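If you want the building blocks of each chain, they are given just below.
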Amino acid sequence: MSVSYNFSETETQVNVKAMVRDFAEKHIRPNIMEWDEAQTFPVELFKQLGELGLMGVLVPEEYGGSGLGYQEYVDVIVEVARVCGSIGLSLAAHNSLCTGHILAFGNDEQKQKWLPKLATAEWIGAWGLTEANTGSDALRMMTTAIEDGDDYIINGSKNWITHGKSGDIAVVMVRTGEQGSSKGISAIVVERGTPGFSAGKKENKLGMRASETTEMIFDNCRVPKANLLGNVGEGFKQAMKVLDGGRISIAALGLGIAKGAFDAAVSYSKQRQQFGQPISSFQAISFKLADMATEIEAAELLIRQAADLKNRHLPMTKESAMAKYFSSEVAVKVATEAVQIFGGYGYTKDFPVEKFYRDSKLCTIGEGTSEIQKIVIAREILSK
């Protein structure tokens, strides 16, 4: 099938980018190192983002969202992440995972109940798939949901959950059938305050330290059957579709981090003098910048392609995996080269590139490692 693409920037995109960039400079940049050092998840900042409509970018206006498309969503994540990857990560997880799952698979009653609170950031969302021993091997999950009258009783735990402690609501993948079966998993919404639902260990991370990552623990947690999303046994299939969109989120996150590191490197290379001239005049540095710029542009084109297909409801599993794989690896390479251009100063916390360097690595791991993306891409190619 031949598909044509049009990546022309719309007036809405221009306005959204300008709004987000202004907000990030005023409200995020002054605080990034304080939040990073203290591992502070700034809940109030996300309330402000909710007031701007950025916590429900893709949610239709009838449910309190902004009703925008994936190109605008990419712009939002990129503009936030080029200032702070942590805030970009939390913004992406809230929008594409928890909110996105309910939007895609909830019935109208469920959407009316939960989406307005999520879209305005009255509630912060979490999404639980990963467990301690089942990262990429999600079908082996141990968390179970057993029917009991009109309820499910959930037991088990989830690891590496963004907003696992501060989130007000979580979409949780649970085993309702045979272990190892793609039809043995269901998706259930659990609200904070439900007896038996608690937070466990908070991870002390290398980067993305202002984005909260914790365990979620379920101990005889009783949840109404009305909280089931879709039908019993559809949870794994739902999760894989949610992750298709999630890959665009992480790709955009990586792109934003790469752009932030690149901007800092270009600026510094023009200012830093060695041997009587700016280091940008040396070919060793200018060639680094040329490579960085080229790979950033290539990553953006892959992301725009996937976003365009997603907007048009066309298959995009391969394209989103390519975008996520390439963009995340570019983020690491660009951030690494930025530190190199800064030299010794790049190794200190007085300059921004060391944080881009630390934050970038998560993009190659979260929501499917680079190795998993290669498996997805190869499978899509070979199935044709």
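Residues numbered from 1 in each chain as written. Predicted model: local features only at pLDDT ≥ 70, side-chain atom pairs only at ≥ 80, totals over all residues. Heavy atoms only, no water.

Identification of the chain as Acyl-CoA dehydrogenase from Pedobacter rhodius is taken from an unreviewed UniProt entry. Entered under Cofactor (unreviewed entry) in the UniProt record, the comment concerning the chain runs "FAD". Listed in UniProt under the heading Sequence similarities (unreviewed entry), the comment for the chain reads: "Belongs to the acyl-CoA dehydrogenase family." (UniProt positions renumbered as here; feature names shortened; annotations may be inferred.)

> Residue-level account of the overall build of the chain, with values.
A tally of helices and strands in the chain yields 11 helices and 10 strands. Radius of gyration (C-alpha) of the chain: 21 Å, near the 21 Å computed for a compact globule of 384 residues. Once the C-alpha set of the chain is aligned to its principal axes, its extents read approximately 80 × 50 × 40 Å. Out of the 384 residues belonging to the chain, those deemed buried represent 53%. For the chain, the proportion of contacts with a sequence separation of at least 24, taken over those separated by at least 6, is 75%. Roughly 16600 Å² of accessible area belongs to the chain as shown, and the carbon and sulfur atoms make up 52% of that amount. Charged side chains of the chain number 41 positive and 47 negative; the gap between the two group centres comes to 4 Å. (Helix = DSSP H or I, 4+ residues; strand = E, 2+ residues; numbered from the N terminus. Rg over C-alpha atoms; globule rule 2.2 N^0.38 Å. Buried < 20%, exposed > 50% of the residue type's maximum accessible area, 1.4 Å probe, protein only. Contact = heavy atoms within 4.5 Å. Areas by Shrake-Rupley, 256 points an atom, 1.4 Å probe, with all protein chains shown as cover. Lys, Arg positive; Asp, Glu negative; His and termini not counted. Charge placed at Lys NZ, Arg CZ, Asp CG, Glu CD.)

> Give a description of helix H5 (residues 85-105) that names residues and reports values.
Taking 1.5 Å of rise per residue, 21 residues should cover 30 Å, and H5 covers 28 Å from first to last C-alpha, within 8% of that figure. Its axis deflected by about 40 degrees at threonine 99, H5 carries its strongest bend there. Most of H5 is tucked away, with 18 of its 21 residues classed as buried. (Expected span 1.5 Å × (residues − 1). Bend = angle between axes of the 7 residues up to and from the residue.)

> How would you sum up the UniProt feature "domain: Acyl-CoA dehydrogenase/oxidase N-terminal" (unreviewed entry) in the chain? Please name residues and give values.
Mapped onto the present numbering, the UniProt feature "domain: Acyl-CoA dehydrogenase/oxidase N-terminal" (unreviewed entry) falls on residues 10-122. End C-alpha to end C-alpha, residues 10-122 measures 30 Å, and it is 70% helix and 0% strand.

> Lay out the nonpolar core with the relevant residues and their values.
The biggest cluster of nonpolar side chains holds 69 residues, and the ones touching the most others in it are Ile28, Leu49, Ile87 and Leu253. Considering every element that reaches this core, the biggest residue donor is helix H7 (residues 235-271), with 14 residues. If we skip the residues at most four places from it in the chain, leucine 253 touches Ile77, Ala81, Gly85, Gly88, Leu89, Met208 and Cys363. Ala93, Trp114, Met141 and Leu243 belong to the second largest nonpolar core, which has 26 residues in total. (Core = buried A, V, L, I, M, F, W, Y, C linked by side-chain atoms within 4.5 Å.)

> Quick one: what's the story with the packing of aromatic side chains, residue by residue and with numbers?
Under the criterion given, the structure shown has eight aromatic pairs. With centroids separated by 4.1 Å and ring planes inclined at 15 degrees, the aromatic side chains of tyrosine 268 and phenylalanine 342 adopt a geometry described as stacked. Note that tyrosine 268 is positioned in helix H7 and phenylalanine 342 in helix H9 (residues 317-342), a separation of 74 residues in sequence. Classification of tyrosine 268 as buried rests on a relative accessible area of 9%. Judged by centre distance (5.7 Å) and plane angle (65 degrees), the rings of phenylalanine 342 and phenylalanine 351 are edge-to-face. (Phe/Tyr/Trp six-rings, centres within 6.5 Å; stacked < 30°, edge-to-face > 60°.)

> Account for the side chain of serine 86, naming residues and giving values.
Assignment of secondary structure puts serine 86 in helix H5. Given a relative accessible area of 1%, serine 86 falls into the buried group. A polar atom in the side chain of serine 86 sits 3.3 Å from the backbone nitrogen of alanine 210. Residue contacts for serine 86: discarding those within four places in its chain leaves Met208, Arg209, Ala210, Ser211, Lys355 and Asp359. (Polar contact = N/O pair within 3.5 Å; in protein donor to acceptor, adjacent residues only side chain to side chain.)

> Any chance you could break down the environment of glycine 167 for me, citing the residues and the numbers?
With respect to the helices and strands, glycine 167 occurs in the loop between strand S3 (151-162) and strand S4 (169-175). Judged by its relative accessible area of 2%, glycine 167 is buried. When the C-alpha positions of glycine 167 and histidine 94 are compared, they lie 9.2 Å apart, and in sequence the two are 73 residues distant. Non-local contacts of glycine 167, meaning those with residues more than four positions away in its chain, are made with Ile124, Arg192 and Glu212.

> Describe the side chain of glutamine 373, with residues and values.
If you trace the backbone, glutamine 373 turns up in helix H11 (residues 370-382). Given the relative accessible area of 0%, glutamine 373 is considered buried. A polar side-chain atom of glutamine 373 sits 3.0 Å from the main-chain carbonyl oxygen of glycine 368. Those residues in contact with glutamine 373 that sit more than four places away from it in its chain are Arg247, Ala321, Lys324, Tyr325, Glu367 and Gly368.

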